Amino acid sequence: MLEIERKFLIDRLPERLEIFPHEPVRQGYVAADPNGTVVRLRQKGDRFYLTVKSAGERARIEREVLLAADQFEALWPATEGRRLEKTRYYLPHGAYTIELDVYHGALEGLFTAEVEFESHAAAEAYAPPAWFGREVTYDPRYKNLQLATRGRPPA
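Below: a short report on this structure. Please read all numbers here as calculations on a predicted model, not as lab measurements.

The computed volume of the largest pocket comes to approximately 620 Å³. Lining the largest pocket are 35 residues, and of these Glu3, Glu5, Arg40, Lys53 and Arg60 sit closest to its centre. Put simply, the parts of the chain that give the lining of the largest pocket at least two residues each are strand S1 (2–9), strand S2 (22–32), strand S3 (38–44), strand S4 (47–53), strand S5 (59–67), strand S8 (111–117) and helix H3 (144–150). With four residues, S3 is the single largest residue contributor to the lining of the largest pocket. A breakdown of the residues in the lining of the largest pocket according to their chemical character gives eleven nonpolar, six polar and 18 charged.

Structure representation (structure tokens):
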């Protein structure tokens, strides 16, 4: 499946964020190829996934497989040193859903928002809300693998 998305920094969280659907997320990286392909484990709420993502910025091929909890836990130790935790909020915005991530642990205080699109044209045409900060779609320092392995980039 082709994933087309744009990613933005968020300087200030929207008010009453807790009223929106949200779930805890923990993810870790099993492997990362120098060309940018990654193999990731992710727990979202009570669901567990193994995901392979191709290299790329705004558009990437993503293949995801649902795992049983025991399979996830058996693989999780392979992600040591390449993990992050966050809470993901789902906010409606016109025809789209904003996925707002509030990071925890070493990344505390970092907030990002991603919006997925069905086409490159839709991604280009998207007008982000005024509360979005700088776009970081093309800044590799804000890829989750980099955040998990190198920490929060300097401002």
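Anyway, onward from the coordinates.
Turning our attention to the packing of aromatic side chains. According to the stated counting rule, one finds seven aromatic pairs in the structure shown. A ring pair is formed by Phe8 and Phe132, whose centres lie 4.8 Å apart and whose planes are at 50°; its orientation type is tilted. Linking Phe8 in strand S1 with Phe132 in the loop between helix H2 (120–125) and H3, this pair joins segments that are 124 residues apart in sequence. By the burial criterion, Phe8 is buried, and Phe132 matches it. Centre to centre, the rings of Tyr96 and Tyr126 are 5.3 Å apart; their planes meet at 85°, and the pair counts as edge-to-face. Of the two residues, Tyr96 is situated in strand S7 (residues 96–103) and Tyr126 in the loop between H2 and H3; the sequence distance between them amounts to 30 residues. Tyr96 gets classed as partly exposed once you look at its relative accessible area, which sits at 25%.

If you trace the eight strands once around the closed barrel, you get S1-S5-S4-S3-S2-S6-S7-S8, paired in antiparallel fashion. Strand-to-strand, the axes of this sheet are offset by a mean angle of 35°, without reference to chain direction. Bridge analysis of strand S6 (residues 83–93) against S7 gives eight bridges, and the strand direction is antiparallel. When the sheet's bridge partners are listed, Tyr89 is paired in S7 with Leu100.

Time to look at the nonpolar core. With 17 residues, the main nonpolar core has Ile98, Leu100, Phe117 and Phe132 as its most contacted residues. Setting aside its immediate chain neighbours within four residues, Phe117 contacts Ile4, Glu5, Arg6, Tyr96, Ala122, Ala123 and Tyr126. The next biggest cluster of nonpolar side chains, apart from the first, holds twelve residues, and it includes Tyr29, Tyr103, Leu110 and Tyr142.

Now for the side chain of Arg88. One can find Arg88 in strand S6. A polar atom in the side chain of Arg88 sits 2.8 Å from the side chain of Asp101.

What counts as what
- Along each chain, numbering runs from 1 in the same order as the chain's sequence is written.
- Local features in a predicted model are, by the rule used here, given only for residues with pLDDT of at least 70; side-chain atom pairs are given and counted only at 80 or more, and totals for whole chains, interfaces and linings are based on all residues.
- Calculated side-chain values reflect all of the structure's heavy atoms, with hydrogen atoms and water omitted.
- Using a 1 Å grid laid over the protein atoms alone, points where a 1.4 Å probe fits but cannot get out form a cavity; open sets with protein on both sides within 12 Å along at least 5 of 7 lines form a pocket; any residue with an atom within 4 Å of a point counts as lining.
- Grid points are joined across faces, edges and corners, and a volume is the space filled by probe spheres set on the points.
- Secondary structure elements follow DSSP: runs of H or I of four or more residues count as helices, runs of E of two or more count as strands, with numbering from the N terminus.
- For this classification, Asp, Glu, Lys and Arg are treated as charged, while Ala, Val, Leu, Ile, Met, Phe, Trp, Tyr, Cys and Pro are nonpolar and the rest, including Gly, are polar.
- Centres within 6.5 Å make a pair out of two Phe, Tyr or Trp rings, where for Trp the six-membered ring is used; the pair is then stacked when the planes are under 30 degrees apart, edge-to-face when over 60, and tilted otherwise.
- Each residue is placed in one exposure class: buried if its accessible area under a 1.4 Å probe, protein chains only, is under 20% of its type's maximum, exposed if it is over 50%, and partly exposed if it falls in between.
- If DSSP finds at least two bridges between two strands, the strands pair.
- Where helices are involved, their axes are fitted lines through C-alpha atoms of the stretch in contact, as for all axes, and angles between N-to-C directions lie from 0 to 180°.
- Residues enter a nonpolar core if they are buried and are Ala, Val, Leu, Ile, Met, Phe, Trp, Tyr or Cys, with the set joined through side-chain atoms within 4.5 Å.
- Here a residue-residue contact requires only that any non-hydrogen atoms of the pair lie within 4.5 Å.
- Polar contact is defined as a pair of N or O atoms within 3.5 Å, subject to the rule that within protein one atom must be able to donate a hydrogen and the other to accept it, and that residues adjacent in sequence are counted only when both atoms are side-chain atoms.

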